[in-house]
Amino acid sequence: MQSEFIGNLVMPDRIIYGGKVVCEDGIIVDIIENVSDSHAELPYILPGLIDIHNHGALGNDYMDSTKESFDSISKYLTKHGVTTAQCTTVSATKEDTIAFLDAYRQWNDGEERETNQCRFVGVHLEGPFLAEASRGAHPLEVLQVPSDGYEWILENADVVKEITLAPELAGMPQMIADLKAAGIVISGGHDQAEIEDVEQAIANGMTHCTHIYCAMSTLHKKDVHRKCGLCEYAMTHSEITAEMIADNHHIPPILAQMIYRAKGADKLCIVSDAISPAGLPESDTLYTLGTGENATKVFIGGGVAMVEDKSCYAGSIQALDAMVGNLARDCEIPFVDAVRMATLTPAKIIGIEKECGSLEVGKRADLCFMNNEYEVVTTVIEGNVCYRK
């Protein structure tokens, strides 16, 4: 079945005004230029957004490990133009995390899963191999080190596609090498690493870093000497990509501009890092990040989530479409680059760029339609309209 969509097509390096995307059997089969002169009246047509770091929404956390939670989060993401995502964990016991991995596998392979909603392409383990001093909202009681064993991750490498870890932990070089060999993307973060640790991690297979400038090693003094950390290394070295929480809170607009100028749109992606209260009204209600007795209590205030004692942020409550708007409107970043950081760049980081991430013949017909206010008005998955505002 063939379908056609006319709009201002946002390509990786330009906008085709008044273009047409032709889709057939869920695949883009043609891109046609100059089919309409009514540019101002047409929506922007973006590739479907790709969120490689999100924890939940609408009161649901992936680690609830239920079909209802997976379904609810997937439908929420679809309404925000996200057509592909990684399910992200919070540090938990090995038993709770394995239970989640089993539930994810069962849901993703199940016949009951609806096809007209956001596609999950794997799991991002955020922890539990993190530094105590930089754990942020992750519970201290469940943090681990490589000597505690990581065979369970290797045993689940069919679904674990990315892991965030602290490069400086004892035994980490071998762990990184083993996980990399299993095809898992290694991301540094929640760490207290020195430059030597970062360089060793990169030599062993680390290629990415998690929510830059948030809960990661950075400029500090050792005696009288200034020392840099993972943050500065990532800002100055092109061999490592970075993700950024562009909610105007974790990363204020001026800082977002600086990071963008240092990394460029092809080495920097945006992520929502949204947690379970995303999409719910602000209130005095205490929510949880993660599940079980070690779950972290969080509350929502001023447009962001914080831990109960207000000592640090606990993830965002914005979806990825809002962050595209933040970059273009508040950070003075070109719209084309803002879109690239939410589509093609994250696709490349996790190795799915041949399937999605740009409007290109042969790729999946996953589309996100935005108006001039950067609001999602339509989401198309595999050529089918699955959400319309």
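Quick caveat, the model's predicted, so the values are computed rather than measured.

(A) Spatial organisation of the overall build of the chain. Looking only at helices and strands, one finds 10 helices and 22 strands in the chain. Projected onto the principal axes, the alpha-carbon positions of the chain cover approximately 65 × 50 × 45 Å. Counting only residues that meet the buried cut, the chain has 59% of its 389 residues in that class. Counted over contacts in the chain with a minimum sequence separation of 6, partners at least 24 positions apart contribute 65%. Total accessible area on the chain stands at roughly 15,500 Å², and carbon and sulfur atoms take up 47% of it. Where the 29 positive side-chain charges of the chain centre and where its 58 negative ones centre are 4 Å apart.

(B) A look at the sheet that holds strand β2 (residues 15–24). Spatial ordering of the open sheet is given by β3-β2-β1-β4-β20-β21-β22, a layout of 7 strands whose pairing is mixed. Since the sheet does not close on itself, it has two edges, and those belong to β3 (27–32) and β22 (384–388), each with one partner. Within this sheet the neighbouring strands show an average axis-to-axis angle of 35°, counted without direction. Here 5 bridges tie β2 to β3, and the two strands are oriented antiparallel to one another. By the bridge assignment, Glu 24 is partnered in β3 with Ile 27.

(C) Seen up close, the pattern of salt bridges. Here the structure, examined in full by the defined rule, presents 12 salt bridges. As a salt-bridge pair, Glu 375 and Lys 389 come within 3.7 Å of each other at their nearest N and O atoms. Placement of Glu 375 in the loop between β20 (367–370) and β21 (376–381) and of Lys 389 in the segment after β22 is noted, with a sequence separation of 14 residues between them. By relative accessible area, Glu 375 is classed as partly exposed at 35%. Three or more residues joined by partner-sharing salt bridges are found here, namely Arg 119, Glu 355, Arg 364, Asp 366 and Glu 382.

(D) Seen up close, helix α4 (residues 172–181). Here α4 has its buried residues at Met 172, Met 175, Ile 176 and Leu 179. With its buried residues spanning 100° around the axis, α4 presents them on a single face. In this structure, the buried side of α4 is in contact with α3 (151–155), β10 (160–165), β11 (185–188), α5 (195–204) and β12 (206–209). Note on α4: the residue one or two positions beyond its end, Gly 183, has a positive phi of about 90°.

(E) Broad picture of the pairing of β12. As paired strands, β11 and β12 are joined by 3 bridges and run parallel to one another. Within the sheet, the bridge partner assigned to Ile 186 lies in β12 and is Met 206. Tracing the backbone out of β11, into α5 and back to the parallel element β12 gives a crossover that is right-handed.

(F) Broad picture of the state of the cysteines. Tallying each qualifying case throughout the model produces 0 disulfides. Cys 228 takes part in no disulfide bond, and the closest cysteine sulfur to it belongs to Cys 231, at a distance of 9.2 Å. Take Cys 228: its relative accessible area is 33%, and that puts it in the partly exposed class. Of all cysteine sulfurs in the structure, the one in Cys 118 sits closest to Cys 386, which takes part in no disulfide; the separation is 9.3 Å.

(G) How the structure looks around the packing of aromatic side chains. Following the criterion strictly, the structure yields 10 aromatic pairs and no others. Measuring from ring centre to ring centre gives 5.7 Å for Phe 5 and Phe 369, while their planes differ by 70°; the resulting arrangement is edge-to-face. Here the residue Phe 5 occupies a position in strand β1 (residues 2–10), and Phe 369 occupies one in strand β20, the gap between them amounting to 364 residues. Judged by its relative accessible area of 7%, Phe 369 is buried. Pairing Tyr 44 with Phe 335 gives two aromatic rings, centres 4.8 Å apart and planes at 55°, and the pair type is tilted. Taken together, the residues span a long stretch of sequence, with Tyr 44 in strand β4 (residues 44–47) and Phe 335 in helix α9 (residues 335–340) at a distance of 291 residues. The class of Tyr 44 is buried, set by a relative accessible area of 15%. Taking relative accessible area as the criterion, Phe 335 reaches 11% and is therefore assigned buried.

(H) The arrangement of the side chain of Ser 69 in detail. Within the secondary structure, Ser 69 sits in helix α1 (residues 67–79). For Ser 69, a relative accessible area of 3% corresponds to the buried category. One polar contact links Ser 69 to Asn 60, side chain to side chain, over a distance of 3.3 Å. Setting aside anything within four residues of it in sequence, one finds Ser 69 in contact with Asn 60, Asp 61 and Asp 64.

Rules used in this analysis
- What you see as residue numbers is a count from 1 along each chain, following the sequence as written.
- It should be noted that, the model being predicted, local features are given only for residues of pLDDT at least 70 and side-chain atom pairs only at 80 or more, the latter also being counted only at that level, while totals for whole chains, interfaces and linings use all residues.
- Hydrogens and water molecules were not included; the side-chain quantities draw on all heavy atoms of the structure.
- Numbering of helices and strands runs from the N terminus, with a helix taken as a DSSP run of H or I at least four residues long and a strand as a DSSP run of E at least two residues long.
- Each residue is placed in one exposure class: buried if its accessible area under a 1.4 Å probe, protein chains only, is under 20% of its type's maximum, exposed if it is over 50%, and partly exposed if it falls in between.
- Between two residues, a contact is recorded if the distance between any of their heavy atoms is within 4.5 Å.
- Working definition of accessibility: Shrake-Rupley area with a 1.4 Å probe, residue cover restricted to the visible protein chains.
- Charge convention: Lys and Arg are scored as positive, Asp and Glu as negative, and His as well as the terminal groups of each chain are ignored.
- We put the charge of a Lys on NZ, of an Arg on CZ, of an Asp on CG and of a Glu on CD.
- DSSP-based pairing: two strands are paired if at least 2 bridges between them are found.
- As a rule, the C-alpha atoms of each element are fitted with a line to give its axis, helices using only the stretch in contact, and angles between N-to-C directions run from 0 to 180 degrees.
- We define a salt bridge as a side-chain nitrogen of Lys or Arg found within 4 Å of a carboxyl oxygen belonging to Asp or Glu.
- By construction, the arc corresponds to the directions joining the helix axis to the C-beta atoms.
- Crossover handedness is defined by viewing with both strands directed away from the observer: a clockwise path from the first strand over the helix to the second marks the crossover as right-handed.
- Throughout, disulfides are identified as pairs of cysteine sulfur atoms within 2.5 Å of each other.
- Two aromatic rings from Phe, Tyr or Trp, using only the six-membered ring of Trp, form a pair when their centres are within 6.5 Å; if the ring planes differ by under 30 degrees the pair is stacked, by over 60 it is edge-to-face, and anything between is tilted.
- Two N or O atoms count as a polar contact when they lie within 3.5 Å, although within protein this holds only if one can serve as hydrogen donor and the other as acceptor, and sequence-adjacent residues are included solely when both atoms are side-chain atoms.

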